[in-house]
Amino acid sequence: MLRLLLLSGLAFHSSVSARLYTDPTQLPIKEYDFLVVGAGTAGSVIAARLSENPAFSVLVIEAGPSNQNILAAEVPFLGSTLSPNTTVTWNYTTTPQIGLNNRTIPYPRGYVLGGSSTINFEIWTRGSIDDYNRFAKVTSDPGWSWAEMIHYMKKSEHLVPPTDNRSIFGEVDPAIHGIKGPVQVSLGGYIGGVDRRNLAPSFPYNIDMNSGHPLGIGWTQNSVSSKGFRSSSATAYLAPAMERDNLDVLIQTRVTKIVAVSHANGVPTFGQVEVAQTPTGPRVLFNASKEVILSSGSINTPQLLQLSGTVGKNLSDHAFLANHWLFEAVGRNASLAADLLAQWNTTGTGLFSDPGANQIGWMRLPPNSSIFQQYPDPSAGPDNGFVSFVESTPATGFFLSIITNIASPLSRADPFDNPIINPALLESPFDLYVMVEAIKTAKRFVEASAWKGYIIEAVDSALNSTMDEDLASYARNSTSTVFHPVGTARMTSYSNKDGVVNPDLLVKGCSGLRIVDASVLPYIPAAHPQACVYALAERAADLIKAAWS
């Protein structure tokens, strides 16, 4: 009841909506310089940055609805109500997962302006230096290295004070953050006693894991404004750009295929997209005089490539397991929730101004772990964590939840029909080993002296076991995903044919087609991907501008 109310409730603040179309036949023109397929995290960046040049005309096409007037998409704490199985997600499910005892799991992706940046949990982590340096090595392009990409990380963000306006000295390093970018990034603005306890002395403290050295536990950074609103690609990039005469935005419309307009020496040139609003509805064509840019995400981009004759594979994702001990009562107290919502609406402060995860940690397996005798280290390097965990509110009861993720996994994995999705979660024995070690780490965490005096009791009795076999069974029965798919259209070097795009993100073996989204990442970063995707899109925008200057 509360979930439906929050999703359908009208927001008290809404963004501008200039040049927003809901019917492809309404558009006054059918040819643009650039056609951007998908107004998600990356697509909105591309549309905004390209339209900065008044000589460029840009059309961005989004399958989902507008992000306006969706209360839960504005209130940070309500982000968890936006997925799965809502009107703003694609509502996909996976194939039966062998590593999860053949369970199928929900696999929501953003189906709304802003894409997954509108429905995610707003956590802002860049990944490690090693992640980006591995991108550079695999692509033979130093432009993807940390040293070069830090500029784009800063360009995308604006570090702002938290909603409680407290001093954040010692909780973040402002020197490594941007101060002029579109996406507002802040620390949590509702700090309780439990948050101070979480910084257990037996676990190393990291003042800012976005330094490129993420190992340790520290304060979570979120894509939340000082006024307590979600900062998404739709609000930060697209809404301001929609005032420009050279940008059109078409929503509630699916691209059904990408069309080659010519062939030369066996090389197709793509310059057209076909769209429709229903499976049996009329098809409408739009032309791109310069490029078609796919920004449909790690599931829909490869699906479109397949529909257009190119295969997408190599899916990788972060396995996700919630381990419950003890937490607060807000999620089950309708009266308190109403009061907190009223506080947020009046002042932009309070618990609802927080996504709900004020601490986050990244850990590694010890280098002498026995598993390394059988499997190579799949992480990018020594600064990469295998495991992250954050606090989250469970479905019932009043619990502390420690979420264990495998941050560096070894497992890979009619246009209106849902694609087949197989992230192969916990299918690799290495990943199962890491998850068991993560559970043990979570148990050590709640046993630390900082928690003395708290009533800590495992909800699932399997957590009390000291046997690896029991913990492995618990993991297989309870693990899901944190919805971080990447790598289905991965980039490789110009000389490497085993990839989908070149380092400039142009699709190999054709002309006029570029991909800008998480699908091009050759490896999953040890991070929540949104900050990485924003930086990727910022660099991509500069590459495109340079190509057509």
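The rules behind these values
Residues numbered from 1 in each chain as written. Predicted model: local features only at pLDDT ≥ 70, side-chain atom pairs only at ≥ 80, totals over all residues. Heavy atoms only, no water. Helix = DSSP H or I, 4+ residues; strand = E, 2+ residues; numbered from the N terminus. Expected span 1.5 Å × (residues − 1). Buried < 20%, exposed > 50% of the residue type's maximum accessible area, 1.4 Å probe, protein only. Polar contact = N/O pair within 3.5 Å; in protein donor to acceptor, adjacent residues only side chain to side chain. pLDDT = per-residue confidence, 0-100. Contact = heavy atoms within 4.5 Å. Axes fitted to C-alpha atoms, helices over the stretch in contact; angles between N-to-C directions. Left-handed = near helix turned anticlockwise from the far one by under 90°. Nonpolar A, V, L, I, M, F, W, Y, C, P; charged D, E, K, R; others polar. Pairing = 2+ DSSP bridges. Phe/Tyr/Trp six-rings, centres within 6.5 Å; stacked < 30°, edge-to-face > 60°. Lys NZ or Arg CZ within 6 Å of the ring centre and 35° of its normal.

Asker: I would appreciate a short explanation of helix 10 (residues 429–446) in the present structure.
Answerer: Along an α-helix, residues three or four positions apart point the same way, because every turn accommodates 3.6 residues. Over its 18 residues, helix 10 runs 26 Å from end to end, which matches the ideal 26 Å to within 8%, given 1.5 Å per residue. Buried residues dominate helix 10, accounting for 14 of its 18 residues. If you check the start of helix 10, you find a side-chain oxygen 3.1 Å away from the backbone N of Phe430, and it comes from Ser428.

Asker: In this structure, what is going on with the confidence of the model for the chain? I would like to understand it.
Answerer: Regions with low pLDDT carry predicted coordinates that are not meant to be interpreted in detail. On average, residues of the chain score 84 in pLDDT, and 82% of them reach the 70 mark or higher. Of the regions scoring below 50 in pLDDT, residues 1–18 engages in 42 contacts with residues more than four places distant in sequence or in other chains. Contacts from residues 386–399, a stretch scored under 50 in pLDDT, to residues over four places away or in other chains number 78 contacts.

Asker: Whenever I open this one, helix 2 (residues 41–50) confuses me. Can you help?
Answerer: Summarising burial for helix 2: 10 of the 10 residues are buried, a large majority. Within helix 2, burial applies to Thr41, Ala42, Gly43, Ser44, Val45, Ile46, Ala47, Ala48, Arg49 and Leu50.

Asker: Even after reading the chapter, I still don't get the packing of helix 2 against helix 12 (residues 530–547), so can you show me in this structure?
Answerer: In a pair of packed helices, the angle between the axes and the distance between the axes together describe the arrangement. At a closest axis distance of 9 Å, the pairing of helix 2 and helix 12 adopts a crossing angle of 35°. Remark: the crossing between helix 2 and helix 12 carries right-handed chirality. Facing Thr41, Ala42, Val45, Ile46, Arg49 and Leu50 of helix 2, the residues of helix 12 in contact are Gln530, Val533, Tyr534, Ala537, Glu538, Ala540, Ala541, Ile544 and Lys545. Of the residues belonging to the contact of helix 2 with helix 12, the class tally is 10 nonpolar, 2 polar and 3 charged.

Asker: Honestly, the sheet that holds strand 9 (residues 221–222) in this entry has me stumped. Any pointers?
Answerer: Strands pair in a sheet through their backbones, by hydrogen bonds, and they do so in one of two ways: parallel or antiparallel. With respect to topology, 3 strands assemble into an open sheet ordered 6-7-9, the strand pairing being mixed. Each edge of the open sheet is held by one strand with a lone partner, namely strand 6 (157–159) and strand 9. In this structure, strand 7 (residues 183–187) lies alongside strand 9, joined through 2 bridges in antiparallel fashion. Bridging from a neighbouring strand, Leu187 pairs with Gln221 of strand 9.

Asker: Is there a simple way to think about the side chain of Ser116 in this case?
Answerer: With respect to the helices, strands and loops of the structure, Ser116 is situated in helix 3 (residues 116–119). Here the side chain of Ser116 touches Arg109 through a polar contact of 3.3 Å, side chain to side chain. The contact partners of Ser116, leaving out residues within four places of it in the chain, are Thr41, Arg109 and Gly110.

Asker: Explain the packing of aromatic side chains to me, please; I cannot follow it from the model alone.
Answerer: When we look at a pair of aromatic rings, we describe it by the centre distance and by the angle of the planes. Within this structure, the stated rule accounts for 9 aromatic pairs. Ring geometry for Tyr132 and Trp146: centres 5.5 Å apart, planes at 70°, overall edge-to-face. Note that Tyr132 is positioned in helix 4 (residues 129–139) and Trp146 in helix 5 (residues 146–156), a separation of 14 residues in sequence. Both residues of the pair, Tyr132 and Trp146, belong to the buried class. One aromatic cluster is present, formed by Trp90, Tyr92 and Tyr111 through successive ring pairs. In this structure, Arg134 is placed above the aromatic ring of Tyr523, and the distance from its NZ or CZ to the ring centre is 3.8 Å. Here Arg539 stacks its cationic end above the ring of Trp144, 4.5 Å away from the centre of that ring.

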